[in-house]
Amino acid sequence: MPYVKVPAIATDKAAVGVGSSSAADVATPSSTAVENRAMILGVAASAGLARGPAFICRCDESVVVPRRAVADAEVPQEIEKLEAALRAADGELRVLQSQIQQRSGNAEAAIFAAQAEMLHDPMLRKEITQRCLRSKINVEAAVSDAAEKLTAAFNQIDDPVFRERAADVRDVARRLLGHLLHHEETTIRDLPAGSIIVARELLPSLAASLDQNKVRGLVAERGGATAHAVILARSLGIPTVIHADGATQRIKPNDHLIVDGLAGRVFINPTADIQREYDRLQVDLDARRNALKDLIDVPAVTSDGVAIKLNANVGKVADAAMAAAFGAEGIGLYRTEFAFFAHAQFPTEEQQYQVYRTAADHVRPGNVVIRTLDVGSDKLLPYFPLPAEANPSLGRRGTRLLLGHPQILRTQLRAILRLSATHPVSLLFPMIGGVEEFIAARAAVESTKEELRREGQPFNAGILIGAMIETPSAAVTARWIAREADFLSIGSNDLVQYLLTTDRTSMEMAAYYEPLHPAVIQSLKFVLDAAAAEGKAVSLCGEIAGNPAYTALLLGLGVTSFSVAPGEILEIKRVVCSLSMAAARQLAARVLAAGTIAEVKACLGVADRCGEAAAHPV
Ligand code: PEP
Ligand code: MG
């Protein structure tokens, strides 16, 4: 019983993105039972059910700082408040540092060590106290003004080291203000175990602090189904509903929530009837999940004997552990951005080496495809300010950006190459726009190898270097790129966005973000054929690879290597084992002859998004 049918209710919102399918074997609570006034209808972004108290995260909102004049006699009191806040912030940072160190290792904990150090910086303390003393203002306003002055000064210096300090100052000031103003929800890391995070937006930097042991579910007002924090939530198996309008207003701290990441609904303090309906659904889901566990050691082979590679997409060390637990052959896409989000400044070569090594250890002897840093557009690092662009997703991003910052690229390449001496790893360059960019990226690898050779550092001289095909220009020139690359990896999330000129993060455009558009299917076929003609391996790592409703089509088009979120591996394996390649090819031939989305969906038996039968994998 692989799927859960979403009950039909009148709405123009639908459960979109990953995991939609027409099959429906486990019934969800009936429409009448789930009709409830305290319900927010959003969009399902990570399958599963979660229940727990709400934690309203205001991390993306700026703090309102009260401002008042203070009399001379009050100044010592204000300074005393500052000292107390400094002590509290320091203690909090030390605890966080050791917790994160235990959970994710030194590299991820370094952000808190750097911030604790900043608290003791005499310059910061002097800036604040001078303002209380001379300008006679309250300490909260003094902290805010001092932080503003210091960040502006650091930002003006044309040196990345100083700009990194500016980001530190902002973070530290935020924490201090949290203590001074007695905000209960200072940071996302303060949340009690078992909480459901409710936020306006799941920012990429929030993703680095998600801990599946603490976070049961996520509810966000904004963000797309392929936004990075959402991808991470999916890989951690955290049920998520996005586009939950007004959630941060309608939901109060500690409200009891049910997050239905199958149908895209959030119930606030649900009635006993609703709870019973979801108890029943939970039993069905658990039974389904347990049945899938039996597949962990079963090889992924079609019924007519074709072996299929099932790798995992990972972003954090914890995902790599999940990948191993679900029997992934290796890591088909290691998104290294998350290792950078976890730091207050660029991680050093050694810090990167340690993080990548820990992830590779989890899936050893499986291979790890490590993608170089893919930032720009919607993925921004606070300490790497980029010049404003009118259309950032058409601007400096991925490999283009790194080629313009050779020092950042070189540091990362050194860490990955050093790891290749002892672990099976490959290199992957994102957002390749054409052959020239890939050749330039390859040249950067060669010169980094030369440097390591001179230093006597060991590395695998034959490390495979791949190109991501996720822009239309790369898809169209895939044959030429395949001649230069050792392998290709199709990133359908961006490919769909750029082919269909539809922002992948936008809810307003969600109806146009259609992976089953004939343009997408024809492009996939074109790239798969190009790689085959050049005798190069190709893998599919975008979110469509993890949707069981598409598996037959993808196999028929020629995909024999999938890289999906760890939690999706077993479901895809189940579908692979149940299909014959011959039938998959026949299906693909019919789909390739279709000129409209509706025809494609009819071939696959997938309902239209606004139809009633949209269903989601468990
Ligand atoms: C993609 O675009 O499909 C992809 C895998 O890259 P990301 O989602 O990290 O942009
Ligand atoms: Mg991409």
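Residues numbered from 1 in each chain as written. Chains lettered and ligands numbered in written order. Predicted model: local features only at pLDDT ≥ 70, side-chain atom pairs only at ≥ 80, totals over all residues. Heavy atoms only, no water.

Here we take up the overall build of the protein chain. Regarding its fold elements, the protein chain presents 24 helices and 19 strands. Looking at the protein chain as a whole, 57% of its 618 residues are labelled buried. A separation threshold of at least 6 residues defines the contact pool for the protein chain, and within that pool the share at least 24 residues apart is 70%. Carbon and sulfur atoms provide 54% of the accessible area of the protein chain, an area that totals close to 23,900 Å². (Helix = DSSP H or I, 4+ residues; strand = E, 2+ residues; numbered from the N terminus. Buried < 20%, exposed > 50% of the residue type's maximum accessible area, 1.4 Å probe, protein only. Contact = heavy atoms within 4.5 Å. Areas by Shrake-Rupley, 256 points an atom, 1.4 Å probe, with all protein chains shown as cover.)

Turning our eyes to something else, we now look at the coordination of the magnesium ion (ligand 2). Reference values for coordination geometry: four tetrahedral donors around a metal ideally subtend 109.5 degrees, six octahedral donors ideally subtend 90 or 180 degrees. On the protein side, the magnesium ion (ligand 2) has E470 (OE) and D494 (OD) as donor atoms, found 2.0 to 2.1 Å from it. Of this pair, E470 sits in the loop between β15 (465-469) and α17 (472-476) while D494 is found in helix α19 (residues 492-499), placing the two residues 24 residues apart along the sequence. Owing to a relative accessible area of 2%, D494 belongs among the buried residues under this scheme. (Donors = N, O, S within 2.8 Å, 3.2 Å for Na, K, Ca; no water.)

Turning our eyes to something else, we now look at the environment of P270. With respect to the secondary-structure elements, P270 resides in the loop between β10 (265-268) and α10 (272-293). P270 sits 15 residues away from D255 along the chain, and the two C-alpha atoms are 9.6 Å apart. Excluding anything up to four places from it in sequence, P270 contacts H256, I258 and Q275.

Moving on to the site of ligand 1. For ligand 1, the set of nearby residues contains 17 residues, the closest of which are R335, R371, G491, N493 and R504. One of the side-chain nitrogen or oxygen atoms of R371 is found 2.8 Å away from an oxygen atom of ligand 1. Within the contact set of ligand 1, an oxygen atom lies 3.4 Å away from a backbone nitrogen or oxygen of G491. Computed on the free molecule, ligand 1 has an accessible area of 290 Å², of which 100% lies beneath the protein chains in the complex. Mapped by element, the contributors of at least two residues to the shell around ligand 1 are α8 (228-235), β12 (331-335) and α19. No other element matches the 3 residues that α19 contributes to the shell around ligand 1. Taken together, the residues that form the shell around ligand 1 break down as 4 nonpolar, 5 polar and 8 charged. (Near = heavy atom within 4 Å. Polar contact = N/O pair within 3.5 Å; in protein donor to acceptor, adjacent residues only side chain to side chain. Nonpolar A, V, L, I, M, F, W, Y, C, P; charged D, E, K, R; others polar.)

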